[in-house]
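Examination of the molecular architecture
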Amino acid sequence: MKGILELKNTGTIKDVDAKNRIVTGYLSSFGNVDYDNDIIVKGAFQKSISERLDKIFFLYQHEWSKPLGKFKKLEEDNKGLYFEAEIIETSYGKDQILLYETGLVAEHSIGYQVIKDEWDSTKQIRTIKELKLYEGSAVTLGANSETPFTGFKSQLEQKDAISKIVQLMKSGNLTDDTFIQLELALKMLQAEAYEIGKTENTQSKNEPSADTQLKAYEPLINTLTSFKIN
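Residues numbered from 1 in each chain as written. Predicted model: local features only at pLDDT ≥ 70, side-chain atom pairs only at ≥ 80, totals over all residues. Heavy atoms only, no water.

Formed by 40 residues in total, the largest nonpolar core has its most connected members in Phe45, Phe58, Leu74 and Leu133. With near-sequence residues (within four places) excluded, Phe58 lies in contact with Pro67, Leu68, Gly69, Phe71, Phe83, Ala85, Ile87, Tyr100, His108, Gly136, Ser137 and Ala138. (Core = buried A, V, L, I, M, F, W, Y, C linked by side-chain atoms within 4.5 Å. Buried < 20%, exposed > 50% of the residue type's maximum accessible area, 1.4 Å probe, protein only. Contact = heavy atoms within 4.5 Å.)

Structure (structure tokens):
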């Protein structure tokens, strides 16, 4: 709907220079139908970039009270809205660098207002042709309701994520907010690991039993249930 502030998770990370605190990636991609049934087309950001670049901020989780920095570069290419940003030295900024480095954060979200759009009532798709961009945010582990943390696709991915999360939490160099987010992620992974280990009661005779399948996930579940910070 025009005139209201909207949030959309459509961007990815490209590279992180932790030493110089430089992050590059995309805040948005062009041409694809996203989970809101929206398509953002090339040119939609151009007016915002040319007229108000100095008023577009790089934020932590859409929180205006926690700016990560300013965009050193913000431009459209054939893929989407490319950015380069320098993260300032704040406690939450340092957390964000750590989360980028470990690969636990790989997404970005934008806060914007639609100026021009076109609605296809047959396909139920909105094409956004122009928007007013206010901010781009780094979002961590589904802390924002628009980008829920949905877990990982395999046991290997789960184990890798758990290892990274535990390592970060044990370092003790995190703000309370980030620590809580990581703790929540571990609990969600615990629930997911248990569900993966179960099977339907209607399984065929050739399939291993639910109990047998669950045993394969016992090390993962034990890691989660016994996790403590010393």
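Here the narrative resumes.
Turning next to the environment of Lys19. Here Lys19 lies in the loop between strand 1 (5-17) and strand 2 (22-29). On the basis of relative accessibility, which here comes to 76%, the residue Lys19 falls in the exposed class. In this structure the C-alpha to C-alpha distance between Lys19 and Ile97, which are 78 residues apart in sequence, comes to 9.6 Å. (Helix = DSSP H or I, 4+ residues; strand = E, 2+ residues; numbered from the N terminus.)

It is worth spelling out the side chain of Asp38 at this point. The residue Asp38 is located in strand 3 (residues 38-40) in this model. There is a polar contact of 2.7 Å between the side chain of Asp38 and the side chain of Arg126. (Polar contact = N/O pair within 3.5 Å; in protein donor to acceptor, adjacent residues only side chain to side chain.)

Looking now at helix 2 (residues 91-102). Between its first and last C-alpha atoms helix 2 spans 17 Å; for 12 residues at 1.5 Å apiece the expected length is 16 Å, and the two agree. Among the residues of helix 2, Tyr92, Gly93, Asp95, Gln96, Ile97, Leu99, Tyr100 and Thr102 are the ones counted as buried. (Expected span 1.5 Å × (residues − 1).)

Evaluated as defined, the whole model comprises seven salt bridges. A salt bridge links Lys129 to Glu118; the nearest nitrogen and oxygen atoms lie 2.9 Å apart. You can see Lys129 sitting in strand 8 (residues 125-138) and its partner Glu118 sitting in strand 7 (residues 107-120), a full 11 residues away along the chain. Note on Glu118: relative accessible area 45%, which makes it partly exposed. What emerges from the salt-bridge pattern is a single network uniting Glu6, Asp38 and Arg126. (Salt bridge = Lys/Arg side-chain N within 4 Å of Asp/Glu carboxyl O.)

A separate point is the pairing of strand 8. Among the 14 residues of strand 8, 11 are classified as buried, and the element is accordingly described as predominantly covered. Note that strand 3 and strand 8 share three bridges and pair parallel. Within strand 8, the residue paired with Asp38 across the bridge is Arg126. As defined by bridge partners, strand 4 (residues 57-60) adjoins strand 8 across four bridges and the pair is classed as parallel. Within the sheet, the bridge partner assigned to Tyr60 lies in strand 8 and is Ala138. (Pairing = 2+ DSSP bridges.)

We now examine the side chain of Glu6. Structurally, Glu6 can be placed in strand 1. Separated by 2.9 Å, the side chains of Glu6 and Arg126 make a polar contact.

The full count for this structure, using the stated rule, is seven aromatic pairs. Look at Tyr26 and Tyr82: their rings are 5.6 Å apart centre to centre, the planes differ by 70 degrees, and that puts the pair in the edge-to-face class. Of the two residues, Tyr26 is situated in strand 2 and Tyr82 in strand 6 (residues 80-87); the sequence distance between them amounts to 56 residues. Accessibility assignment for this pair places Tyr26 and Tyr82 in one class, buried. (Phe/Tyr/Trp six-rings, centres within 6.5 Å; stacked < 30°, edge-to-face > 60°.)

By themselves, these observations are geometric and do not establish any function.
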